[in-house]
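Okay, here's what each chain looks like letter by letter:
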Amino acid sequence: MLKFILRRLFFEALPTLFVIATLTFFMVRLAPGGPFSREKQVSAEVQRRLDAYYGLDKPLVVQYGRYLANVARGDLGPSFKHATESVNSLIARAFPVSLELGLWALLFAIVTGIGAGIVASLRPNTWTDAGPMTLAMAGICLPSFVLGPLLLLLFGLTLGWVNVAGWNTAGDRILPAITLGAGYAAYLARLTRAGMRDILSQDFIRTARAKGLSPTRVILVHALKGGLLPSVSFLGPAVAGLITGTFVVESIFQIPGLGQIIVNAAFNRDYFLILGAVVFIGFVMIVMNLLVDVAQALMNPRLRLGE
Amino acid sequence: MPLLNVQDLSVGFHTRHGVVRAVNHVSFSLEPGDSLGIVGESGSGKSVTCLSLLGLLPMPPARIESGAAAFDGQDLLRLPAAKLRGILGRDIAMIFQDPMTSLNPYLRIATQLTEPLLVHKGLSRAAAFKQAAAALGGVGIADPEARLNQYPHEFSGGMRQRVMIAMATITRPRLLIADEPTTALDVTVQAQILELIKTLRREHGTAVIFITHNLAVINGIADRVMVMYAGQAVETAPVPAIFHQPLHPYTAALLRSVPSAHKPGEPLQSILGTPPDPLRLPPGCPFTPRCPFAQEPCSLATTAELELGPVPSPAPDRRLTACIRVKKEGADVLRPA
Amino acid sequence: MSTPDTDELEKGTSLGHDAWLRLRKNRLAVAGGLLLVAIALLCLIGPALSPYGYEADNLQLGAAPPSLSHWMGTDYNGRDLFTRVMVGGRVSFAVGLAATAVSLLIGVLYGAIAGYLGGRTDMLLMRIVDILYALPFTIFVILLLTLFGRNFVLLFVAIGAVEWLTMARIVRGQVMGLKKQEFVEACVAIGMSRRRIILRHLVPNTLGPVVVYVTLTVPSVMLLEAFLSFLGLGVQPPMSSWGILIGDGARAMEVNPWLLVFPGLLFSLTLFALNALGDGLRDALDVRGAKD
């Protein structure tokens, strides 16, 4: 297992991170405009000293090499816009917000999605199947930027149950989490139903029933592990989506997370902040994918032996 | 008192195209420690008969149309689900055809093997593990304690069937139903598995129902045999007697098509025609269209006439046939002209 | 001599015909297909029939709720929302189809080359796809659009670049599988020309999964476009798309909720129609592994 993790780390995670950093670096630097050009005109002398201070006067390749070396040490550099703060500390402030939002959304998606999928799979083609699956279809067809405002309209403005914006009280977490998680809940419900239907029709389920096991035990012990595998492999991309998908939800509900930082940084040409945030998100995605791979290997013994 | 007494069992599958009568008015019984073979080609209803007794058929589409199955005085077909579960895996156990798919690939052998003990006997995990190791050793698997921690995909087909047998017999059931347990295995492994079932039966005195499409396999493992065709029981007899003198045209045809059972010097013959469409069974005896001995009354026979009945001369003991000509005119009818 | 009977038999056994029969039995897919045609027709010819131009403002009227003269109400400038939604739909569909075409072109070529050549080349090409898969593409698209300006062409390229990866994987898998099939060897053995093998045997067999994936790509592309337009990074005013209308509606919903509800509803219905049709096609053509 350790070998498996190390191999994934060195042959997939590191190259991916390298590609992300490189692509972002050159994309940012090749774009027209610079961090200080939009601000009030600065004298050539000040400009030169600023460039020297941030190392922008060196050839691009040298800057690139230096940046990679810093990233490797975990230093994401200074921010141009927020002169007093480093990129590290900006991310350290915004990421917990995005992470919390993502985790609540993930919790909502897993509980409702997998729950609905299991319920639907037990009695196919009855109303306990059709009901959850209709809801799942609706969840897939209602994107977050439609669902979020609609939820706000209903529960925030019309009923007045929750605050319309902000990230302070526990109640502020509910609508953003549902908005962000609904689509994933819908996909999970469909994947879980399909996976469970597949497993429940297998011979070994008949063996389990022939042993006189209760339906609960048949489902929990014998069917769930295999039936949830498709859902677990979906969780990798899902977690990645939950992190990058916070852009819209953060802007709808005005939540001070990582998504807002990236959009603002891009507008301001805040080079190191853009780079740092993207590299950091890439890092988080890779870690999540690795965790999901490990979970999958733990659940499926055949996978474990093969690799 | 018989251990299992099945009377007038009928099972139908209700499909969009009509009702498939998979089992038609089948009756048989089994004494404790007795061994019955059920023989028939695929689709003859032999598996459905046993699965319906254990409540393992998907319902719908399957439906039990009639019958009773007394096990130990309790009617399996009318028992509440929870009560039936108390009997399955404890007093009645089943082995399935394909050992590659019948074990759960996601669970360790130990989990699956100890499950009946934990659920039915209330054993502790440690005690169950010990007994599981002993059972695994008992079916001829070396190094059982280490093997218990492995997963099914680490076993060969024959080994998996041994595991299935160990799992089925670990609670010392009084009835073991083996549904074509050797069909999916290599010929050399088949013999080992048959030998194993025989040994276990001898040691524990378990009654066995052995389902197969291969008459030759029956020899040595079953005391009596019931032959099924198109959902009906067409003949039952003690095993040696049926090889000596079949008393139903279908059995006779079956014997002539089995290499190891046919008489030396006679040519091997296949049965002409194909089994009837289960949605449109022919009237009267379902074998009539393929039967070389059929006469007009055969296609007019009623269901009651086609049930197993005693044979006149030379009525050997405990022989029953559904052939109305044999029942009326005796065994000599089946002599080739 | 061919009798009507054998004609019918031949038709009945063709793969496409079989799939068509199965698709027709799937009520959800049929409903999705009809709904899709209805919405597309509405967007295509609706604006021409509407008495209002989509830019024609009516400042005296201002934002008015739905009424007989304005079925979906009007926006802040008194512009007819129904007309604007139909015109916005044209843009959304156009982006959806164009970006899907881009991803189809890249994906099919890339996948077919990888699958056909096999060996080292295949390994290298698919390794690149694997790495690209792991990139946070949404972020790259957002960066691209903020840094290089909000450009319509860039939008197509960006979306198409995200979506071709899965297409490449599917096509490669199909080609690899087909190469090994005995019927291809049989074709070679009877001396059939390569062109004929590819056109008559290989292409029709990859067509199923590709068609299914295309129907499922269109909604995901439309979703991405709407998402970017919602953030103000996609289609730019005065052009309009469903994403823009939904974004405008979301900002105005406190006073004029209909501005959010109608574009949102139509967009969701379109997504439903495409997804239902895609699911139905997948089942009818018995394609596995094309998305969920």
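Residues numbered from 1 in each chain as written. Chains lettered and ligands numbered in written order. Predicted model: local features only at pLDDT ≥ 70, side-chain atom pairs only at ≥ 80, totals over all residues. Heavy atoms only, no water.

### Section: the overall build of chain C
Part 1 of the reasoning: For chain C, the count of helices and strands is 11 helices and 0 strands.
Part 2 of the reasoning: Scanning chain C from its N terminus toward the C terminus, one meets helices and strands in the order α-α-α-α-α-α-α-α-α-α-α.
Part 3 of the reasoning: Buried positions account for 48% of the 292 residues belonging to chain C.
Part 4 of the reasoning: Long-range pairs, those at least 24 residues apart, make up 71% of the contacts in chain C between residues at least 6 apart in sequence.
Part 5 of the reasoning: When the accessible surface of chain C is summed, it comes to about 14,700 Å², and 65% of that surface belongs to carbon and sulfur atoms. (Helix = DSSP H or I, 4+ residues; strand = E, 2+ residues; numbered from the N terminus. Buried < 20%, exposed > 50% of the residue type's maximum accessible area, 1.4 Å probe, protein only. Contact = heavy atoms within 4.5 Å. Areas by Shrake-Rupley, 256 points an atom, 1.4 Å probe, with all protein chains shown as cover.)

### Side note on the overall build of chain B
Part 1 of the reasoning: A count of helices and strands for chain B gives 12 helices and 12 strands.
Part 2 of the reasoning: In terms of overall size, chain B behaves like a compact globule, its C-alpha atoms giving a radius of gyration of 21 Å where 337 residues would be expected to give roughly 20 Å.
Part 3 of the reasoning: On the principal axes, the C-alpha backbone points of chain B span a range of 65 × 45 × 40 Å.
Part 4 of the reasoning: Out of the 337 residues belonging to chain B, those deemed buried represent 53%.
Part 5 of the reasoning: When the accessible surface of chain B is summed, it comes to about 14,400 Å², and 54% of that surface belongs to carbon and sulfur atoms. (Rg over C-alpha atoms; globule rule 2.2 N^0.38 Å.)

### Some words on the interface of chain A and chain B
Part 1 of the reasoning: Facing the 24 residues of chain A at the interface are 26 residues of chain B.
Part 2 of the reasoning: Inspection of the chain A/chain B interface yields 2 salt bridges.
Part 3 of the reasoning: Our count for the contact surface shared by chain A and chain B stands at 11 residue pairs in polar contact (both at pLDDT 80 or more).
Part 4 of the reasoning: Of all elements in the fold, only helix 8 (203–210), helix 9 (215–227) and helix 14 (301–306) of chain A reach the threshold of two or more residues within the side of chain A that touches chain B.
Part 5 of the reasoning: Across the side of chain A that touches chain B, the residue classes tally to 10 nonpolar, 6 polar and 8 charged. (Salt bridge = Lys/Arg side-chain N within 4 Å of Asp/Glu carboxyl O. Polar contact = N/O pair within 3.5 Å; in protein donor to acceptor, adjacent residues only side chain to side chain. Nonpolar A, V, L, I, M, F, W, Y, C, P; charged D, E, K, R; others polar.)

### With respect to the domain arrangement of chain B
Residues and elements named next belong to chain B.
Part 1 of the reasoning: Assigned domains of chain B: these are domain 1 (4–222) and domain 2 (227–334).
Part 2 of the reasoning: For domain 1 versus domain 2, the distance between C-alpha centres works out to 28 Å.
Part 3 of the reasoning: Each partner contributes to the interface: domain 1 provides 26 residues, whereas domain 2 provides 22 residues.
Part 4 of the reasoning: The three residues of domain 1 that bury the most area against domain 2 are Asn24, Glu41 and Leu215, which together make up 31% of that side's buried surface.
Part 5 of the reasoning: Counting the contacts that link domain 1 with domain 2 gives 0 salt bridges.
Part 6 of the reasoning: The interface formed by domain 1 and domain 2 contains 4 residue pairs in polar contact (both at pLDDT 80 or more).
Part 7 of the reasoning: Secondary-structure elements contributing two or more residues to the side of domain 1 that touches domain 2 are strand 1 (4–15), strand 2 (18–30), strand 3 (35–39), helix 1 (46–53) and helix 9 (215–218).
Part 8 of the reasoning: The dominant element in the side of domain 1 that touches domain 2, judged by the number of residues it contributes, is strand 2, at 10 residues. (Domains from an automatic or database assignment. Buried area = accessible area lost by both parts, 1.4 Å probe.)

### Quick notes on the pattern of salt bridges
Part 1 of the reasoning: According to the stated counting rule, one finds 13 salt bridges over all chains in the structure shown.
Part 2 of the reasoning: Across the pair Arg201 of chain B and Asp223 of chain B runs a salt bridge, and its minimum N-O distance is 3.0 Å. Of the two residues, Arg201 of chain B is situated in helix 8 (residues 187–204) and Asp223 of chain B in the loop between helix 9 and strand 9 (224–229); the sequence distance between them amounts to 22 residues.
Part 3 of the reasoning: Salt bridges linked by common partners bring Lys211 and Arg217 of chain A together with Glu115 of chain B together as one network.

### Quick notes on the arrangement of the chains
Part 1 of the reasoning: Of all 2 pairs of chains in contact, the one with the most contacts involves chains A and C.
Part 2 of the reasoning: Left apart from each other, chain B and chain C have a closest C-alpha approach of 15 Å.

### Here's the deal with the sheet that holds strand 4 (residues 62–71) of chain B
Residues and elements named next belong to chain B.
Part 1 of the reasoning: Ordered in space as 2-1-4-5, the 4 strands form an open sheet in which the pairing is antiparallel. Both edges of this open sheet fall to strand 2 and strand 5 (74–75), since each of them pairs with a single strand only.
Part 2 of the reasoning: In terms of strand pairing, strand 1 meets strand 4 through 8 bridges, oriented antiparallel. Along strand 4, the bridge assignment pairs Phe13 with Ala62.
Part 3 of the reasoning: On top of the sheet, helix 1 reaches strand 1, strand 2 and strand 4; it is set at about 105 degrees to strand 1, its chief contact. (Pairing = 2+ DSSP bridges. Axes fitted to C-alpha atoms, helices over the stretch in contact; angles between N-to-C directions.)

### Overview of the nonpolar core
Part 1 of the reasoning: Within the largest apolar cluster, 147 residues are counted, with the highest numbers of intra-cluster contacts made by Phe145 of chain A together with Leu143, Leu228, Trp242 and Phe267 of chain C.
Part 2 of the reasoning: Considering every element that reaches this core, the biggest residue donor is helix 13 (residues 271–299) of chain A, with 14 residues.
Part 3 of the reasoning: Ranked by size, the runner-up nonpolar core spans 109 residues in total, among them Ile141, Met167, Ala168 and Ala331 of chain B. (Core = buried A, V, L, I, M, F, W, Y, C linked by side-chain atoms within 4.5 Å.)

### Things to note about the confidence of the model for chain C
Residue and element names in this part refer to chain C.
Part 1 of the reasoning: The predicted model of chain C has a mean per-residue pLDDT of 76, with 84% of residues at 70 or higher.
Part 2 of the reasoning: When mean pLDDT is taken per element in chain C, helix 11 (residues 258–285) scores highest with 83 and helix 1 (residues 4–13) scores lowest with 43.
Part 3 of the reasoning: Taken together, the stretch residues 1–13 has pLDDT below 50 and engages in 4 contacts with residues farther than four places along the chain or on a different chain.
Part 4 of the reasoning: With pTM at 0.76, the complex prediction returns an ipTM value of 0.82. (pLDDT = per-residue confidence, 0-100.)

### Overview of the interface of chain C and chain A
Part 1 of the reasoning: Listed per partner, the contact involves 38 residues of chain C and 42 residues of chain A.
Part 2 of the reasoning: Interface area, chain C with chain A, both sides summed: about 3,500 Å², of which 82% is carbon and sulfur.
Part 3 of the reasoning: In this assembly, chain C and chain A are joined by 1 salt bridge.
Part 4 of the reasoning: Among the ionic pairs, Arg190 of chain A bridges to Asp279 of chain C, the shortest N-O distance being 2.4 Å.
Part 5 of the reasoning: Summed over the shared surface of chain C and chain A, the result is 2 residue pairs in polar contact (both at pLDDT 80 or more).

### Brief notes about the environment of Gln245 of chain B
Part 1 of the reasoning: Within the secondary structure, Gln245 of chain B is located in the loop between helix 10 (239–244) and helix 11 (249–257).
Part 2 of the reasoning: Sequence-wise, Gln245 of chain B and Leu334 of chain B are 89 residues apart; in three dimensions their C-alpha atoms are separated by 9.5 Å.

### Here's the deal with the packing of helix 4 (residues 81–117) of chain C against helix 7 (residues 152–180) of chain C
Residue and element names in this part refer to chain C.
Part 1 of the reasoning: Put simply, helix 4 and helix 7 touch, their axes get as near as 5 Å, and they point 40 degrees apart. Between helix 4 and helix 7, the interaxial angle falls into the category oblique. The element helix 4 and its partner helix 7 pack so that their crossing is right-handed. (Parallel < 35°, antiparallel > 145°, perpendicular 65-115°, else oblique. Left-handed = near helix turned anticlockwise from the far one by under 90°.)

### A short note on the environment of Leu176 of chain B
Residues and elements named next belong to chain B.
Part 1 of the reasoning: In this fold, Leu176 is placed in strand 7 (residues 175–179).
Part 2 of the reasoning: Residue class for Leu176 comes out buried when judged on its relative accessible area of 4%.
Part 3 of the reasoning: Apart from residues lying up to four places away in sequence, Leu176 is in contact with Ala93, Ile95, Ala168, Thr169, Thr206, Ala207, Val208 and Ile209.

### Here's the deal with a nonpolar patch on the surface
Part 1 of the reasoning: A surface patch of nonpolar side chains, amounting to about 630 Å² of accessible area, comprises Leu2, Leu6, Leu9, Phe10, Phe11 and Leu14 of chain A.
Part 2 of the reasoning: The residue Leu2 of chain A is located in helix 1 (residues 2–30) in this model. (Patch = residues over 30% accessible without salt bridge, like charges linked within 9 Å, V, L, I, M, F, W, Y side chains within 5 Å.)

### Some thoughts on the pairing of strand 7 of chain B
Residues and elements named next belong to chain B.
Part 1 of the reasoning: The element strand 7 is extensively covered by neighbouring structure, given that 5 of its 5 residues are classed as buried.
Part 2 of the reasoning: Burial along strand 7 is two-sided: the face carrying Leu175, Ile177 and Asp179 and the face carrying Leu176 and Ala178 are both buried.
Part 3 of the reasoning: Pairing analysis gives 5 bridges linking strand 7 to strand 8 (residues 207–212), with the strands arranged parallel. Across the sheet, residue Leu176 finds its bridge partner in strand 8, namely Val208.
Part 4 of the reasoning: Traced from strand 7 through helix 8 to strand 8, the parallel crossover comes out right-handed. (Right-handed = clockwise from strand over helix to strand, strands pointing away.)

### Let's talk about helix 11 (residues 246–253) of chain A
Residue and element names in this part refer to chain A.
Part 1 of the reasoning: With 7 of 8 residues buried, helix 11 lies mostly within the body of the structure.
Part 2 of the reasoning: Those residues of helix 11 not exposed but buried are Thr246, Phe247, Val248, Val249, Glu250, Ile252 and Phe253.
Part 3 of the reasoning: Immediately beyond the C-terminal end of helix 11, within one or two residues, lies Gln254, with a positive phi of roughly 55 degrees.

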